[in-house]
Amino acid sequence: MLKGNGMNRYDVVVIGGGHAGCEAALASARMGCSTLLITLDKDKIALMPCNPAIGGVGKGHIVREIDALGGEMAKVTDRTGIQFRILNRSKGPAVQGSRAQADKQLYKDEMRRVLESQAGLDILCGEAEELVFEAGRVRGVVISGGRQIAASAVVITTGTFLNGLIHVGLKSSPAGRVGENPATRLSQSFLSVGFDLGRLKTGTPPRLLAGTIDFDRLEVQEGDRDPQPFSFSTERIDRPQVPCYLTTTNEATAQVVRDNMHLSPLYSGRIEGVGPRYCPSIEDKVVKFPDKLSHHVFLEPEGLDTDWIYPNGISTSLAEEVQWKLVRTIPGLERAEIVRPGYAVEYDFVPPTQLLPTLETKKVRGLFHAGQINGTSGYEEAAGQGMVAGINAALGVQKRPPLILSRMDGYIGVLIDDLVTKGTLEPYRMFTSRAEYRLILRQDNADFRLMGKGHELGLVSREDYERCVEKYRQVEGEIRRLSETRVLPNPETLEKLRRIGIEELRAPTTLCSLLKRPEIDYLQLYREFNGAEVSRHVGEQVEIQVKYEGFILRQNQMVEKQKKLETVPIPADFNYSGVSGLSREVVQKLEQIRPVTLGQASRISGITPSAITLLFLLLEQRRSGGGGHKARAAADGNA
């Protein structure tokens, strides 16, 4: 519905109502820009077409960063989640991640409610068929029916809809998702101004009817007893929690796949797009891991008021009759009924090396891409990009400096830097292993890292920001108290330590030194030595910062070194081919990516440290107007 009385001009137009589009539209509108969200079907806004879950290891970090910047995904998840878990609890804080099973219907209804109630944001149902360009800028959008909507900035978040093609067995049909028409004309707009396009593929498993599953034979997976919210502004989760269940495939399952491989569009040559490496179909698992006798299948409810079950782990595009046979080889699913078959979907994407770190395209000013159009997979990766694209679209309209999140700022920065610097040949998925500074980019301190930026942008309220500042003031105060409080090895202290599990203390020490010991946690220390009362969140930060102090210090030192390269800009018109000392391969890669800083250049595959040194000296010479003797010497040495 249009609330703007048929307006034909907006500051920002967002195309696509998925997770990227929702965050982009909300960010733009909340920053004061008149914003239009164009979606094919308003009833499908924020739909979870695959797994109805938010977060995970790496992905959960992104969700909390979105929240710290003032986004909505975490808040909506807290209001609609039906099972919350912290993954990797037994491991260090750097690799722990929040995950929530969400009620699929409630999530999209709640996100739509938020969008519809947002001032300055209109929603229009229709297909964006063409982009309007003029003098290297985007000027607007033409929608179905020929109506033209002018805009100062456009954010493209088309998901799997660009020339989408669905496959079930050897049957194929144009669709962006099952039962939804694809966007067939928009790709031509990209080609018309010289963008390169590629083709990717993703998939989803069949949905099962809960009443036909023998849950008594399956392993129960409960959520956490004390569920932790995603959003820093949510005090507690008080919604009912439901269990998930675990089963496994077996040799009979693999045999069904092998016997029917000729009916697989993935292996018969019908699918051209590259699929996700880290979320493979059951066909890929059988073919690529022939020695693995079984694979986990997680049975996850799609909501409180539906009997549909999502069997996470058996994504497939095999023929529907084969899917029935396959499912019924799995323990507990011998009588399971399929209510919707799995399928694969191919779609166009725009390789993201054609983007700046702001997610604005290099070829067209004012045009931003976010989500699967950039080659990513996952709701969280899409939402994080949508947040940054929406913010930068608004900042561009307002003639304000852009927001660029670096690899040292957060996982969203890692995600975007990976995309625009290295590109991707397959659907990109976030893992903690992708972040070289992951000990200081934990999900628990996303507020400390990013909430100040969100407040400056006008997306985080003063109240929330001041609460964050006070929290970390208390953390600093408590660490200082622990560092200044000494205990003696007297009978009273030794008795307290024995209750904790520490058998000896030979010399006076501080409470801070005691907390560094692996066998003691902050809560135990607080109970035995009567500290000032602090919240659980403050105590958590105190314990992490004390126990990992040395590691955190080393990573901060690494960050400071890298920041020096990140602050050296490379002019957009820099002539790499005119630099004596750079190899042809290095010149080609630098000209293709056109890095905006020396730090980004250093992460391009094949760019050597000596090339970075040479560029640094040349850029310093250009900036200072010096004679360039050092640069020429370096060039001679690298010739």
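Figured I'd write up the structure that's included with this text. (Residues numbered from 1 in each chain as written. Predicted model: local features only at pLDDT ≥ 70, side-chain atom pairs only at ≥ 80, totals over all residues. Heavy atoms only, no water.)

### Notes on the overall build of the protein
The cut-off we apply is this: By the criteria applied, helices consist of DSSP H or I runs no shorter than four residues and strands consist of E runs no shorter than two, each listed in order from the N terminus. Burial classes follow relative accessibility: with a 1.4 Å probe on protein chains only, a residue under 20% of its type's maximum area counts as buried, one over 50% as exposed, and anything between as partly exposed. Note that accessible areas follow from Shrake-Rupley with a 1.4 Å probe, and for residues the cover is restricted to the protein chains shown. In this charge count, Lys and Arg are treated as positive and Asp and Glu as negative; neither His nor the chain ends contribute. Lysine's charge is taken at NZ, arginine's at CZ, aspartate's at CG and glutamate's at CD.
Looking only at helices and strands, one finds 21 helices and 22 strands in the protein. Dimensions of the protein along its principal axes, counting C-alpha atoms only, are 80 × 80 × 55 Å. Out of the 639 residues in the protein, the part that is buried amounts to 56%. Summing over all exposed atoms, the protein offers an accessible surface of approximately 27,200 Å²; the carbon and sulfur share of this is 50%. Across the protein, the centroid of the 81 positively charged side chains sits 4 Å from that of the 79 negatively charged ones.

### Things to note about the layout of surface pockets
The rolling of a water-molecule-sized probe over the atoms marks out the regions of remaining empty space. The cut-off we apply is this: Points on a 1 Å grid, built from protein atoms alone, make a cavity when a 1.4 Å probe fits but cannot get out and make a pocket when they are open with protein on both sides within 12 Å along at least 5 of 7 lines; residues with an atom within 4 Å of a point are the lining residues. Grid points are joined across faces, edges and corners, and a volume is the space filled by probe spheres set on the points.
In this structure, the second largest pocket occupies an estimated 1,500 Å³ of space. Contributing to the lining of the second largest pocket are 50 residues, with Gln228, Arg536, His537, Val538 and Glu540 lying nearest its centre. Of all elements in the fold, only α2 (59–69), α11 (446–457), α12 (462–484), α15 (522–529) and α16 (536–547) reach the threshold of two or more residues within the lining of the second largest pocket.

### Focus on the packing of helix α9 (residues 379–397) against helix α10 (residues 411–422)
Stated formally: Every axis in this analysis is a line fitted to C-alpha atoms, fitted for helices over the stretch in contact. Angles between the N-to-C directions lie between 0 and 180 degrees. For this classification, under 35 degrees means roughly parallel, over 145 means roughly antiparallel, 65 to 115 means roughly perpendicular, and everything else is oblique. In this analysis, two residues are considered to be in contact whenever any of their non-hydrogen atoms come within 4.5 Å of each other. Residues are grouped as follows: nonpolar covers Ala, Val, Leu, Ile, Met, Phe, Trp, Tyr, Cys and Pro; charged covers Asp, Glu, Lys and Arg; every other residue, Gly included, is treated as polar.
Contact pair α9 / α10: the axes reach a minimum separation of 10 Å and the direction vectors enclose 90 degrees. By the angle between their directions, the pair α9 and α10 is classed as roughly perpendicular. Contacts from Glu381, Gly384, Gln385 and Val388 of α9 reach α10 at Ile412, Leu415, Ile416 and Leu419. Considering only residue class, the contact of α9 with α10 consists of five nonpolar, two polar and one charged.

### A word on the side chain of Glu283
Stated formally: Any Lys or Arg side-chain nitrogen located within 4 Å of an Asp or Glu carboxyl oxygen qualifies as a salt bridge.
On the secondary structure map, Glu283 appears in helix α7 (residues 282–288). For the buried Glu283, no salt bridge is present, and the opposite-charge side chain at shortest range is Lys201, 6.6 Å distant.

### Overview of the packing of aromatic side chains
What counts here: Note on ring pairs: Phe, Tyr and Trp rings are taken, using the six-membered ring of Trp, and paired if centres are within 6.5 Å. Classes follow the plane angle, with under 30 degrees stacked, over 60 edge-to-face and the rest tilted. Our definition puts a charge over a ring when NZ of Lys or CZ of Arg is within 6 Å of the ring centre and also within 35 degrees of the ring normal.
Per the stated rule, a full pass over the model turns up six aromatic pairs. Centroid distance Phe190 to Phe195: 5.8 Å. Interplanar angle 85 degrees. Geometry classified as edge-to-face. Its end group placed over the ring of Phe232, Arg64 keeps NZ or CZ at 4.1 Å from the ring centre. One residue, Arg434, lies across the ring of Tyr428, its end atom 4.1 Å from the ring centre.

### Considerations on the sheet that holds strand β15 (residues 244–248)
Let me state the cut-off plainly: At least two bridges found by DSSP between two strands are what make those strands a pair.
Ordered in space as β14-β15-β16-β17-β13-β18, the six strands form an open sheet in which the pairing is antiparallel. Either end of the sheet is taken by a strand with one partner, and the two such strands are β14 (219–221) and β18 (338–340). Adjacent strand axes in the sheet meet at a mean angle of 35 degrees, parallel and antiparallel pairs treated alike. Taken together, the four bridges between β15 and strand β16 (residues 296–301) define a ladder with antiparallel strand orientation. Its bridge partner lying in β16, Leu246 is registered against Phe298.

### Concerning the nonpolar core
The nonpolar side chains of a soluble globular protein tend to be buried, and buried together. Defined as follows: Note on terminology: a nonpolar core comprises buried Ala, Val, Leu, Ile, Met, Phe, Trp, Tyr and Cys residues joined through side-chain atoms within 4.5 Å.
In terms of nonpolar packing, the biggest core is built from 75 residues, with Tyr107, Leu115 and Ile391 touching the most fellow members. Here the element with the most residues in this core is α9; it accounts for ten residues. Excluding anything up to four places from it in sequence, Tyr107 contacts His19, Ala46, Met48, Ile54, Met73, Val76, Thr77, Thr80 and Ala102. Formed by 24 residues, the second largest nonpolar core is a distinct cluster that contains Ile213, Val256, Leu326 and Val327.

### Looking at the environment of Ile404
Of note, Ile404 is situated in the loop between α9 and α10. Taking C-alpha positions, Ile404 is 5.7 Å from Thr358, a pair spaced 46 residues apart along the chain. Dropping the residues within four chain positions of it, Ile404 is found in contact with Pro357, Thr358 and Asp409.

### Looking at the sheet that holds strand β11 (residues 171–174)
The strand order β11-β10-β19-β12 describes an open sheet built from four strands, whose pairing is antiparallel. Only two strands of the sheet have a single neighbouring strand rather than two, namely β11 and β12 (198–204). Neighbour-to-neighbour, the strand axes of the sheet open up by a mean angle of 25 degrees, direction not taken into account. Inspection of the sheet shows strand β10 (residues 165–168) paired to β11 by four bridges, in the antiparallel sense. If you follow His167 over to β11, its bridge partner there is Ser172.

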